Amino acid sequence: MELAVLFGVCLLISGVAIRLSAVFASRLGIMDRPGGHKQHQTSTPFVGGFGVLAVLLSVPLLDNWPFVDFSWSSLSGPSGLLVGAVIIFLTGLADDIWCLGFKPRLIIQALAALSMVLIGGVELRSLGEILPGGAVDLGWLAIPMAIFSTIGLINALNMIDGIDGLSGSVSLVSLALVAMLAHSADSAGYVFFIVALMGGIGGFLYYNLRYPGNPRARVFLGDNGSMLLGFLFAWLFIVLSQGGEDQEAVMTPVTALWLFAWPLMDTVGVMIRRIWQGKSPFRPDRHHLHHLFVCADYRVCDVVALAVTIQLLFGLIGIGGLLFGVPEYLMFGLFIGVCGVYFLVILRPGRIVPWLRSINGWLGLPSVKVRGIFIGYLRKEKCREVLGVISEGLGSDYDYQVSVHQMAASSSQERRVYCVVHIPTEGNDQLIGRIQRDALRIKKRLAKQRGIEVRLFLSRNTENDVHSAYIAMTGGGSRRADRRCAQGTLIYSKEYGQRMIRSEGAGFEFSLPPGSG
């Protein structure tokens, strides 16, 4: 109950801080504007880090309160943590506003990591038993490796912050797993701190995650937020994997790799790919795995769900190896092997995108290009009945247009009429999901009528097929058949909206469009 209250309070603190920051950002014109490699279409405030920072600065105020079993001084190097976090946050905010180059960013990140080491005394003294024969102690390399690792984690989380809800959701899963390990090791202070951070991220996801009623992100995490979270992860992983005078290590360094697997694998894989192609590893592009999912027509919410699932799986593998006593060098070797496979997957995006699109169909997920429902083919005398089913099966909370087309006469084909329901989705993930459910409902109601197929209607806009605006497909049917659909003669069309009175099936009447016949 105490942790639940803490999470709720921190979620509220984060939400209020982000809300106020977004208002000021809008008034001052400090917005993330569309353009370049960015895909969002509206200017959006990048103030997610304000919520996390507000929670971080609020946690010390709970020190030794009567109703809270928490002591700020029980954490390792809390002063160094706060100093480094503020430096990183301000650097990220400056980068959001003025677009700093990667060199000054790396220098300031190194200084923030150095403050964590010198002020807080947090060092990466050992890599664990990543090689057979014993632990790999770093000795004089403890401080340089701590700085290098911190910079790596800061930029890893920053680089996966490419679509709505991704970095925040992955961070939330990783923190939950770390909290489980800290709880199992009776590290109550760290559990308290991690749950507070989870509340801060939850407040941000309220504005950033796509869900019913929130079709797009209202705020972005920004470099100020992603770099801050990366720094906090670095501090947590180093402290909990190294232990201290008053505390034993909660995890091994190899376990930390698994708990942060998605960001690390993606960052290392993309940077190696850029170097492989003779490009700067710091030059942004759209070849991250989440970008490839988007290119394969996945909805953003589905990409986030898959990323969370994959990260959860990786994290459980790491925790399982720790709890079952699997040798660290075996877990490390497995991690390197998975990284290798990951690199091979993203090495040639042109090959992986069709494969990802096939997986999307196999999972039964709707494509982001869904623009309606296709129902065909049927006899003309069945149209009144089918239109009635369509009217009853569609939702009343979105606009749509129903059109009926008749194909040219053919002696070999009696079913020459098809219906298309056009629905303006405008990238609304939740509406696309609703359309899929409505299509399944219509398909179920028409199941008794043999030969009628119901499938999602997708937009098609390619350089080689610029004359075709729509194409009906769900994995079945040929491209020729789909193109033939677009050449039918329109014999009926009607629009429906939320404020319009909808007709029943018996009320449908066929009419030729103006100028035809």
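Model, not experiment: these values are computed from the prediction.

Student: Mind showing me how you'd approach the packing of helix H1 (residues 2-28) against helix H2 (residues 48-58) here?
Tutor: Helices that pack against each other are described as a pair by the angle of their axes relative to one another and the distance between those axes. Contact geometry of H1 with H2 gives a least axis separation of 8 Å together with a crossing angle of 135°. Accordingly, the angle class assigned to the pair H1 and H2 is oblique. Considering how the two elements wind past one another, H1 and H2 form a crossing that is right-handed. Here Cys-10, Ile-13, Ser-14, Ala-17, Ile-18 and Ser-21 of H1 lie close against H2, whose contacting residues are Gly-48, Phe-50, Gly-51, Val-52, Ala-54, Val-55 and Ser-58.

Student: So what exactly am I meant to see when it comes to the environment of Leu-3 here?
Tutor: With respect to the element layout, Leu-3 can be found in helix H1. C-alpha of Leu-3 to C-alpha of Phe-192: the two residues are 189 residues apart in sequence and 6.9 Å apart in space.

Student: Whenever I open this one, the packing of aromatic side chains confuses me. Can you help?
Tutor: In this description, a pair of aromatic rings is defined by centroid distance and the angle of the planes. Counted under the stated rule, the structure contains 19 aromatic pairs. Relative to Phe-314, the ring of Trp-258 lies with its centre 6.0 Å away and its plane at 55°, an arrangement referred to as tilted. Placement of Trp-258 in helix H9 (residues 253-259) and of Phe-314 in helix H12 (residues 300-323) is noted, with a sequence separation of 56 residues between them. Under the relative-accessibility criterion, Trp-258 is labelled buried at 1%. A relative accessible area of 13% means that Phe-314 is categorised as buried. In textbook terms, an aromatic cluster arises when at least three aromatic residues are bridged by ring pairs, as seen for Trp-72, Tyr-190, Phe-193 and Trp-235.

Student: How should H12 be read in this particular structure?
Tutor: Spacing of three or four residues puts side chains on the same side of an α-helix, whose turn is 3.6 residues. Between its terminal C-alpha atoms H12 stretches 34 Å, which fits the 34 Å expected from 24 residues at 1.5 Å a residue. Immediately downstream of H12, the backbone of Gly-325 shows phi near 70°, a positive value.

The rules we used
- Residues numbered from 1 in each chain as written.
- Predicted model: local features only at pLDDT ≥ 70, side-chain atom pairs only at ≥ 80, totals over all residues.
- Heavy atoms only, no water.
- Axes fitted to C-alpha atoms, helices over the stretch in contact; angles between N-to-C directions.
- Helix = DSSP H or I, 4+ residues; strand = E, 2+ residues; numbered from the N terminus.
- Parallel < 35°, antiparallel > 145°, perpendicular 65-115°, else oblique.
- Left-handed = near helix turned anticlockwise from the far one by under 90°.
- Contact = heavy atoms within 4.5 Å.
- Phe/Tyr/Trp six-rings, centres within 6.5 Å; stacked < 30°, edge-to-face > 60°.
- Buried < 20%, exposed > 50% of the residue type's maximum accessible area, 1.4 Å probe, protein only.
- Expected span 1.5 Å × (residues − 1).

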